[in-house]
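Each chain is listed here by its residues.
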Amino acid sequence: RRFDVRAYRVTNVDFHQRTVAQLEALPTTFRFFVLRIRRGGELIDAQPSMVIRPDDVLAVAARHEIFLEHGDKIGPEVADRALLDIPIESLDVVVTNRSVAGKTIAELASHDFARSVFLRKLVRSGEEMPTGPDLRVDRGDVMTLIGTGPEVERAAKHIGYPDWPTNATDM
């Protein structure tokens, strides 16, 4: 799996009293997102303006290798089945928005609509392109996005239209 969601208890004092958006903006070489927070016994969907408190448990989404290199900076990893029970979806999106065409993956990742969404692959004219931050997106490209259902659908609206899987034959 290229992407994963893991839970960490916030023990690093550098993260206390920061908002979710501030925490997500700290790294400059990779992206991660806080999807949910367990505060006491309550599960809360994370919003960018929420303030992180000591001993919050965060459900964090990132590339697998990011957890290996940086996961322990937040605090210890914890097993919290209920917190991590977040349905993740994959959705193909056809790029049609003129304002998206010509932008790099890095430029698109900086927009609000890309929060909590990762690019799994990009297909151009039937060929999978090697993805990287400098890859420019063209109209007609098919981007496979990964994230929670509402976040992926929100991103799809800004990029173009979703190419929903169907059992119908394309005639």
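Residues numbered from 1 in each chain as written. Predicted model: local features only at pLDDT ≥ 70, side-chain atom pairs only at ≥ 80, totals over all residues. Heavy atoms only, no water.

A. Spotlight on the overall build of the chain. Of regular secondary structure, the chain possesses five helices and nine strands. Scanning the chain from its N terminus toward the C terminus, one meets helices and strands in the order β-α-β-β-β-α-α-β-α-β-β-β-α-β. In terms of overall size, the chain behaves like a compact globule, its C-alpha atoms giving a radius of gyration of 17 Å where 171 residues would be expected to give roughly 16 Å. Principal axes of the C-alpha set define a box for the chain whose edges measure 55 × 35 × 25 Å. Buried residues in the chain amount to 44% of all 171 residues. (Helix = DSSP H or I, 4+ residues; strand = E, 2+ residues; numbered from the N terminus. Rg over C-alpha atoms; globule rule 2.2 N^0.38 Å. Buried < 20%, exposed > 50% of the residue type's maximum accessible area, 1.4 Å probe, protein only.)

B. Molecular detail of the side chain of T148. Mapped onto the secondary structure, T148 falls in strand β8 (residues 142-148). For T148, a relative accessible area of 15% gives the class buried.

C. Quick peek at the sheet that holds strand β5 (residues 88-95). Taken together, the five strands give an open sheet; going across it, the order is β7-β6-β8-β5-β9, and neighbouring strands pair in antiparallel fashion. Edge strands, defined here as strands with exactly one partner in the open sheet, are β7 (127-129) and β9 (160-162). This sheet shows a mean twist of 35 degrees between the axes of neighbouring strands, independent of strand direction. Relative to β8, β5 runs antiparallel, the two being bridged by seven bridges. In the strand pairing of β8, L91 is matched with L145. The sheet contacts of helix α5 (residues 149-159) involve β5, β6 (117-124), β8 and β9, and relative to β8 the element is tilted by about 150 degrees. (Pairing = 2+ DSSP bridges. Axes fitted to C-alpha atoms, helices over the stretch in contact; angles between N-to-C directions. Contact = heavy atoms within 4.5 Å.)

D. Inspection of the pairing of strand β2 (residues 32-39) at higher detail. Most of β2 is tucked away, with eight of its eight residues classed as buried. Of the pairings in the sheet, the one linking β2 to strand β4 (residues 57-63) comprises six bridges and is antiparallel in character. Note on β4: the bridge partner recorded for R38 is V57. In this structure, β2 lies alongside strand β3 (residues 42-45), joined through four bridges in antiparallel fashion. From the neighbouring strand, R39 faces β3, where its bridge partner is E42. Hairpin connection between β2 and β3: a loop of two residues separates the two successive antiparallel strands, and G40 in this loop has a positive phi of roughly 65 degrees.

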